[in-house]
Amino acid sequence: SITGETVELLEPYLDMEDYNLETAKKVCGNVAGLCSWTQAMAYFYGINKEVLPLKANLALQEGRLAAAQTELDNAQIQLDEKQMELDQVQAMYDTAMKEKQTLLDDAEACRRKMNNATALIEGLGGEKLRWTASSKNFQNQIINLVGNVLLATGFLSYSGPFNQEYRNLLLQLWKKEMDNSKIPYSNDLNLTGMLVDNATVSEWNLQGLPNDDLSIQNGIIVTKASRYPLLIDPQGQGKIWIKNKEKNNGLQVSSSFNIFICVL
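Residues numbered from 1 in each chain as written. Predicted model: local features only at pLDDT ≥ 70, side-chain atom pairs only at ≥ 80, totals over all residues. Heavy atoms only, no water.

> I would appreciate a short explanation of the overall build of the chain in the present structure.
Along the backbone of the chain there are 8 helices and 2 strands. Its helices and strands in sequence order give the chain the pattern α-α-α-α-α-α-α-α-β-β, from N to C terminus. Against the globule reference of 18 Å for 264 residues, the chain gives a C-alpha radius of gyration of 63 Å, more extended than a compact globule. For the chain, the spread of C-alpha atoms along the three principal axes comes to 175 × 55 × 25 Å. When the 264 residues of the chain are sorted by exposure, 17% land in the buried category. (Helix = DSSP H or I, 4+ residues; strand = E, 2+ residues; numbered from the N terminus. Rg over C-alpha atoms; globule rule 2.2 N^0.38 Å. Buried < 20%, exposed > 50% of the residue type's maximum accessible area, 1.4 Å probe, protein only.)

What follows is the structure in structure tokens.
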């Protein structure tokens, strides 16, 4: 309830030198309290005059702050919701991109397989004629198998003692008898190729066996026939070949009365 007019009326008294608590105590203790109180109220009015606008402004700003904080909270809630939606959409996008990449990889793999299959089909198309001829050749081999085996076993069993000329003659006679008995065989039969492969022949040559047809046939008879072979070997080529061939198999060699004996 203090007003500016009241304070203005008090100022002459407040400016007096003896208007203070110490002087008033000398006159009367109660008056001293009233004196001190009036000074305090005047000082309070001056301070409060400056503080009230600040309080009002503080209340206004606090109201604005509360409103702004409410808006901030609402905005944060909306931001959180939108962020959650964004995370969900981002997850869906990542999944879709991963599926897309998987599909692209599968499509590329299928494209490579298709190209390889096309190239294979085109390549195999050129093999059709050869396969047809090979199939026909296999059928002929099956039909002629009995006669070919018969000629091979006859060669191993009976042609050993003879030279190349008589061996060829024996084959011609056997073929004639087979024709009479209607036993099929291959006219272009190669007994050497049927009974031994080229790798084995090459190994025999490295071991000292000559490379002519008669020597190779003799090697076949020695290794394939069921009976023990007797080698008439004036040049010693057969002896060298056998020694090299059986060197790692514990071969023992003894010579007596010009007879070469091999014991395995």
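Still to come is the rest of the account.
> When you look at the nonpolar core in this model, what are you seeing that I'm missing?
Nonpolar side chains in soluble globular proteins tend to end up buried together. Counting 18 residues, the largest nonpolar core has F155, L156, L191, L195, W204 and I220 as the members making the most contacts within it. Contributions of two or more residues to this core are made by α3 (29-158), α4 (164-180), α5 (191-195), α6 (198-206), α7 (213-224) and α8 (237-245). Per element, the largest residue contribution to this core is 4 residues, and it comes from α3. (Core = buried A, V, L, I, M, F, W, Y, C linked by side-chain atoms within 4.5 Å.)

> Looking at this structure, I do not really get the UniProt feature "coiled-coil region" (unreviewed entry) in the chain. What am I missing?
The UniProt record annotates "coiled-coil region" (unreviewed entry) at residues 58-106. The distance separating the terminal C-alpha atoms of residues 58-106 is 69 Å; by composition the span is 100% helix and 0% strand. (UniProt positions renumbered as here; feature names shortened; annotations may be inferred.)

> I tried to follow the domain arrangement of the chain on my own but got confused; where do I start?
How big an interface is tends to be stated in terms of the accessible area lost upon association of its parts. Under the domain assignment used here, the chain contains domain 1 (4-79) and domain 2 (198-263). Distance from the C-alpha centre of domain 1 to the C-alpha centre of domain 2: 136 Å. (Domains from an automatic or database assignment.)

> Could you clarify how one ought to interpret the side chain of N148 in this entry?
Within the element layout of this structure, N148 appears in helix α3. Those residues in contact with N148, other than ones at most four positions away along the chain, are Y185, S186, L189 and M194. (Contact = heavy atoms within 4.5 Å.)

> Which parts of the structure should I look at to understand a negative patch on the surface?
Together, E5, E8, E11 and D15 line one region of the surface with negative charge. Locating E8 in the fold gives a position in helix α1 (residues 4-14). For E8, a relative accessible area of 53% gives the class exposed. (Patch = residues over 30% accessible without salt bridge, like charges linked within 9 Å, V, L, I, M, F, W, Y side chains within 5 Å. Areas by Shrake-Rupley, 256 points an atom, 1.4 Å probe, with all protein chains shown as cover. Salt bridge = Lys/Arg side-chain N within 4 Å of Asp/Glu carboxyl O. Lys, Arg positive; Asp, Glu negative; His and termini not counted. Charge placed at Lys NZ, Arg CZ, Asp CG, Glu CD.)

> Just checking my understanding: could you explain the side chain of Q207 for this structure?
Relative to the assigned elements, Q207 resides in the loop between α6 and α7. Contacts of Q207, omitting those with residues within four sequence positions, involve I240, W241, N244 and K245.

> For this particular structure, what's the right way to read the pattern of salt bridges?
It is possible for side chains bearing opposite charge to pair when their charged atoms get close. This model, assessed by the stated rule, comprises 3 salt bridges. Residues E108 and R111 are paired through a salt bridge, measuring 2.6 Å at the closest nitrogen-oxygen approach. One end of the pair is E108 and the other is R111, both in helix α3 and 3 residues apart, which spans about a single turn. Looking at R111, the relative accessible area reads 40%, which means it is partly exposed.

> I would appreciate a short explanation of the environment of T38 in the present structure.
Looking at the secondary structure, you find T38 in helix α3. T38 sits in the buried class, given a relative accessible area of 12%. With 132 residues separating them along the chain, T38 and L170 place their C-alpha atoms 160 Å apart.

> Whenever I open this one, a nonpolar patch on the surface confuses me. Can you help?
Together, F162, Y166, L169 and L173 make up an exposed nonpolar region whose accessible area comes to about 390 Å². Turning to its location among the elements, F162 is positioned in the loop between α3 and α4. For F162, a relative accessible area of 36% translates into the label partly exposed.

> What is the right way to read the confidence of the model for the chain from this model?
Low-pLDDT portions of the prediction should not be read for the details of their coordinates. The pLDDT averaged across the chain works out to 84; a share of 95% of its residues lies at or above 70. Taken as a whole, residues 257-264 scores under 50 in pLDDT and shows 16 contacts with residues more than four places along the chain or in a different chain. (pLDDT = per-residue confidence, 0-100.)

> When you look at the environment of E62 in this model, what are you seeing that I'm missing?
Relative to the elements of secondary structure, E62 occurs in helix α3. With relative accessibility at 46%, the residue E62 sits in the partly exposed group. A sequence separation of 30 residues divides E62 from A32, and the C-alpha atoms of the two residues are 42 Å apart.

> Help me understand α6, please; the structure alone is not making it clear to me.
Structural remark: α-helix, 3.6 residues per turn; residues separated by three or four positions point the same way. Taking the backbone nitrogen of A199 as reference, a side-chain oxygen 3.1 Å away marks D197 as the first, capping residue of α6. Just beyond α6, the residue with positive phi is G208, at close to 115 degrees. (Polar contact = N/O pair within 3.5 Å; in protein donor to acceptor, adjacent residues only side chain to side chain.)

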